[in-house]
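Each chain, written out:
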Amino acid sequence: TLRPTIPFRSGGRMLLLLLFIGIPLLEITLFIQVGGAIGLGWTLAIVIITAILGAAMVRAQGAQAMMNLRGSFSQLQDPTENLAHGAMILFSGALLLTPGFFTDFIGFALLIPAVRTAVYKRVREKVNVQSFQMSPDGQPNPHAPRPDGVIDGEFEEVDPDNPPHSGPSGWTKH
């Protein structure tokens, strides 16, 4: 007998495929059920209202997330959690603008700070950051020593007989 083989090598790809097929099917099913129960007009009104309400909430929470991120940079603190919160708020905005009840549910859930914190902690358990360095001015340090011994640097060749000129470089047309 022949056994079918799954062309994906990792479980992550299969999960992604199932999500791309399953979520639209779930959304269609929910639209049919809700539309049958309350009517087409109310169903469309709910979709539009959740998009508008979600956009307003994402805007407000996104601004707060940016302030928190700037604060972590100015105080030389690890910005990882603030970056993750910002990314989840952005993702929730995309979900809320996507028509559907399931995506709206997930989008609104990600706008709850306690849910974002729980998701962040769960992901952080799975991810191991080996190093993070910043320069004294709060910017990432491109000249920090690398484990392979390479030192990044910049240089400018100065020729005393040909002083630097202002204007376009020699590589561009005048």
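Just so it is clear, the structure is predicted and the values come from calculations on it, not from any experiment.

Caption draft 1: Main features of the side chain of Thr43. As for its position among the elements, Thr43 is in helix α2 (residues 40-74). Those residues within four positions of Thr43 in sequence are excluded, and the remaining contacts are Phe31, Val34, Gly35, Ile38 and Phe101.

Caption draft 2: Local environment of the confidence of the model for the protein chain. Chain-level statistics for the protein chain give a pLDDT mean of 81 and a share of 74% at 70 or above. Put simply, helix α1 (residues 11-38) is where the protein chain has its lowest mean pLDDT, 90, and helix α4 (residues 101-110) is where it has its highest, 94.

Caption draft 3: Inspection of the layout of surface pockets at higher detail. Approximately 180 Å³ is the volume found for the second largest pocket. Taken together, the elements giving at least two residues each to the lining of the second largest pocket come down to α1, α3 (80-97) and α4. Ranked by the residues each element gives to the lining of the second largest pocket, the list is headed by α1, at five residues. Looking at side-chain class alone, the lining of the second largest pocket contains nine nonpolar, one polar and no charged residues.

Caption draft 4: Examining α2 more closely. Along its 35 residues, α2 runs 50 Å from first to last C-alpha, staying within 8% of the 51 Å computed at 1.5 Å per residue. Two residues or fewer past α2, Leu76 is found with a positive phi of approximately 55°.

Caption draft 5: Representation of the side chain of Thr50 in the model. Here Thr50 lies in helix α2. Among the polar contacts listed, one links the side chain of Thr50 to the backbone oxygen of Val47, at a separation of 2.9 Å. Among the polar contacts made by the side chain of Thr50, one reaches the side chain of Asp104 at a distance of 2.8 Å. The residues touching Thr50, leaving out its near neighbours within four places in the chain, are Asp104 and Phe108.

Caption draft 6: Representation of the environment of Ala94 within the structure. Among the structural elements, Ala94 can be located in helix α3. Its relative accessible area of 41% is what places Ala94 among the partly exposed residues. Put simply, Ala94 and Gly54 are 40 residues apart on the chain and 9.5 Å apart in space, counted from C-alpha to C-alpha.

Caption draft 7: Structural view of α3. Here α3 is 18 residues long and its end C-alpha atoms lie 26 Å apart, about the 26 Å a rise of 1.5 Å per residue gives. Taken as a whole, α3 has its buried residues at Ala84, His85, Met88, Ile89, Ser92, Gly93, Leu95 and Leu96. Buried residues along α3 sit in contact with α2, α4 and α5 (113-126).

Caption draft 8: How the structure looks around a nonpolar patch on the surface. A cluster of nonpolar residues, Leu17, Ile21, Leu25, Ile28 and Ile32, forms a patch on the protein surface that exposes about 460 Å² of accessible area. Position of Leu25 among the secondary structure elements: in helix α1.

Caption draft 9: Local environment of the packing of α2 against α3. Contact pair α2 / α3: the axes reach a minimum separation of 9 Å and the direction vectors enclose 165°. Taken as axis vectors, α2 and α3 run roughly antiparallel relative to one another. Two packed elements cross with a definite hand, and for α2 against α3 that hand is left-handed. When α2 is examined against α3, the residues Ala51, Gly54, Val58, Gln61, Gly62, Ala65, Asn68, Leu69 and Ser72 are found in contact with a partner set consisting of Asn82, Leu83, Gly86, Ile89, Ser92, Gly93, Leu96 and Leu97. Broken down by class, the residue content of the contact of α2 with α3 amounts to eight nonpolar, nine polar and no charged.

The rules behind the values
- Every chain is numbered independently, its residues counted from 1 as its sequence is written.
- With pLDDT at 70 or above as the cut-off, local features in this predicted model cover only qualifying residues; side-chain atom pairs require 80 or more to be listed or tallied, and sums for whole chains, interfaces and linings still use all residues.
- Water and hydrogen atoms play no part in the side-chain values, which are based on all heavy atoms of the structure.
- Each helix is a run of DSSP H or I of at least 4 residues and each strand a run of E of at least 2, with the numbering of both proceeding from the N terminus.
- Residue contacts are defined here by distance: any two heavy atoms, one from each residue, within 4.5 Å place the two residues in contact.
- One number per residue, pLDDT, summarises how confident the predictor is, and it ranges from 0 to 100.
- Residues are said to line a cavity or pocket when one of their atoms sits within 4 Å of a point; the points come from a 1 Å grid over protein atoms alone, cavities being sets where a 1.4 Å probe fits but cannot get out and pockets being open sets with protein on both sides within 12 Å along at least five of seven lines.
- Grid points are joined across faces, edges and corners, and a volume is the space filled by probe spheres set on the points.
- Here the term charged refers only to Asp, Glu, Lys and Arg, the term nonpolar to Ala, Val, Leu, Ile, Met, Phe, Trp, Tyr, Cys and Pro, and the term polar to all other amino acids, Gly among them.
- In this analysis, the expected span of each helix is defined as 1.5 Å times one less than the number of residues it contains.
- Pairs of N or O atoms within 3.5 Å make up the polar contacts considered here, provided that, within protein, one atom can donate a hydrogen while the other can accept it, and that residues adjacent in sequence are counted only when both atoms are side-chain atoms.
- Exposed residues in this analysis have more than 50% of their type's maximum accessible area, buried residues have under 20%, and partly exposed residues fall in between, with area computed by a 1.4 Å probe over protein chains only.
- In this scheme, patches are assembled from residues that exceed 30% relative accessible area and form no salt bridge. Like charges are connected within 9 Å, while nonpolar side chains (Val, Leu, Ile, Met, Phe, Trp, Tyr) are connected within 5 Å.
- Only the protein chains shown count as cover for residues, and all accessible areas are computed by the Shrake-Rupley method using a 1.4 Å probe.
- One side-chain nitrogen of Lys or Arg within 4 Å of one carboxyl oxygen of Asp or Glu is enough to make a salt bridge.
- Working convention: axes come from line fits to C-alpha atoms, limited for helices to the stretch in contact. Angles between N-to-C directions cover 0 to 180 degrees.
- Note that the term roughly parallel is reserved for angles under 35 degrees, roughly antiparallel for angles over 145, roughly perpendicular for angles of 65 to 115, and oblique for everything else.
- The handedness criterion is simple: a crossing whose near helix is rotated anticlockwise from the far helix by less than a right angle is left-handed, and one whose near helix is rotated clockwise is right-handed.

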